Amino acid sequence: MADVKPLKLEFDGDGTPSGIGEFTSGDTVAQTDLNITSLNLSSLTTDASTITVSSCPVPPPWSFVEVTADDGENTGDPYYFASGSSQSTTEIDAGHITWDSTESYFTLANAGWYEFEMQGSIVVGSSPTDVTTSIVQTDGLGGTEIEKIDKLQRIRTNIDPHDIMIKWMGYCAADNYTCKLDGDNTVLMNKGSTFTCKRIN
C-alpha cells in the first residue's frame, strides 16, 4: 500500500476553518491531539516516547523480579514466586505494572495483552518430587485463583538444583497475577530465579 500524507484544516485570521491542506516538513501535532491507530509519521514531529497506540503505552511497561538469596519458603505447601525470599525489582512505569513483594504478585492497573515468564532454580527435599508451576490470576494465596496455565515437572534427585520454567501470553483483566509453585515434598526456590511481566499490546 502506498504511503499517504495526512491532511490538516487551515484556518483564517478569525480561527474559522477555511480549507484543507497537506502536512509538510516542520508541521507538528500537539500530544493531546494525537489519537492514532495507523499513521506514517515521516512528515510529523512528535514525542514518540509518549504515543499511545491501541491503548498500549509506548514503550510498553514491564516489571522484573529476581530472587537474591536462598532464604525463601522451603515447604511442600503451595506458595507464590519469591515468597519469603530476599528479592530485587526493576520496573518500567510502576503506574501500569507493579510487583507487590508482600503478597508476591504483579498488579496490573490496566486490562490488555501481557506476557509472563518465570525462570526458576529449585532444590527439593526428597526424590522423586512432583512440582507443578502455574500462572494464576489471584486475590491472594489461599483465596480465589483463576489458572492460566500449569506444568508438571518430576524431580528425580534432591542433591542438585533444577531449572524450572513456565511462560504464558494472553489477555488479562486489571488484577493480580503470579506464578505458583506446588510440590508434593519440600521445594526451595534458589537465588537467581526470575519472573517477568510485560505488556505486549
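Structural notes, computed from the coordinates. No experiment lies behind these values; they were computed from the predicted model shown.

Right, let's talk about the overall build of the protein chain for a bit. Secondary structure summary: the protein chain contains zero helices and 17 strands in total. Burial analysis of the protein chain (201 residues in total) assigns 37% to the buried set.

Glancing now at the side chain of T75. Considering the arrangement of structural elements, one finds T75 in strand β6 (residues 74-75). Separated by 3.0 Å, the side chain of T75 and the backbone nitrogen of D77 make a polar contact. Non-local contacts of T75, meaning those with residues more than four positions away in its chain, are made with N185, T186 and V187.

With that settled, the discussion passes to the environment of D139. Within the secondary structure, D139 is located in the loop between β12 (129-138) and β13 (145-155). Taking the C-alpha atoms as reference points, D139 and N176, 37 residues apart in sequence, are found 6.5 Å from one another. Within the structure, D139 has its side chain in polar contact with the backbone nitrogen of T144 (distance 2.8 Å).

Moving on, we come to the side chain of N176. Here N176 is to be found in strand β15 (residues 176-183). For N176, a relative accessible area of 13% translates into the label buried. Within the structure, N176 has its side chain in polar contact with the side chain of T107 (distance 2.8 Å). Contact partners of N176, with chain neighbours within four places excluded, come to Y105, F106, T107, V136, Q137, T138 and D139.

Residue V58 is joined to P59 through a cis peptide bond whose omega torsion reads 0 degrees. S127 connects to P128 through a cis peptide bond whose omega is -5 degrees. If you trace the backbone, P128 turns up in the loop between β11 (112-124) and β12. Positive phi outside glycine occurs at A82, with the angle close to 70 degrees.

With that settled, the discussion passes to the pairing of β12. Regular strands show a simple pattern: their side chains alternate between the two faces of the sheet. With nine of its 10 residues buried, β12 lies for the most part within the structure. By the bridge criterion, 10 bridges tie β12 to β13 in an arrangement that is antiparallel. If you follow I135 over to β13, its bridge partner there is I149. Here β12 folds back onto β13, and the loop between the two strands holds six residues, one of which, G140, carries a positive phi near 130 degrees. Judged from the eight bridges that link them, β12 and β15 form a sheet pairing that is antiparallel. Residue Q137 lies in a different strand from β15, and its bridge partner there is Y177.

Turning our attention to the packing of aromatic side chains. Each aromatic ring pair is specified by the distance between its two centres and by the angle formed by the two planes. Tallied over the full model, the rule gives 10 aromatic pairs. Between F81 and W99, the ring centres sit 6.2 Å apart and the planes meet at 80 degrees, which makes this aromatic pair edge-to-face. You can see F81 sitting in the loop between β7 (79-80) and β8 (87-92) and its partner W99 sitting in strand β9 (residues 97-100), a full 18 residues away along the chain. The class for W99 is buried, based on a relative accessible area of 8%.

So, about the pattern of salt bridges. Within this structure, the stated rule accounts for four salt bridges. A salt bridge links K167 to E115; the nearest nitrogen and oxygen atoms lie 3.6 Å apart. Note that K167 is positioned in strand β14 (residues 162-172) and E115 in strand β11, a separation of 52 residues in sequence. A salt bridge links K167 to E117; the nearest nitrogen and oxygen atoms lie 3.7 Å apart. Of this pair, K167 sits in strand β14 while E117 sits in strand β11; the two residues are 50 residues apart in sequence, bridging distant segments of the chain. Here K167 falls in the partly exposed class, since its relative accessible area comes to 37%. You can call E117 partly exposed: its relative accessible area is 21%. Linked through salt bridges whose partners overlap, the residues forming this network are E115, E117 and K167.

Cut-offs applied
Residues numbered from 1 in each chain as written. Predicted model: local features only at pLDDT ≥ 70, side-chain atom pairs only at ≥ 80, totals over all residues. Heavy atoms only, no water. Helix = DSSP H or I, 4+ residues; strand = E, 2+ residues; numbered from the N terminus. Buried < 20%, exposed > 50% of the residue type's maximum accessible area, 1.4 Å probe, protein only. Polar contact = N/O pair within 3.5 Å; in protein donor to acceptor, adjacent residues only side chain to side chain. Contact = heavy atoms within 4.5 Å. Pairing = 2+ DSSP bridges. Phe/Tyr/Trp six-rings, centres within 6.5 Å; stacked < 30°, edge-to-face > 60°. Salt bridge = Lys/Arg side-chain N within 4 Å of Asp/Glu carboxyl O.

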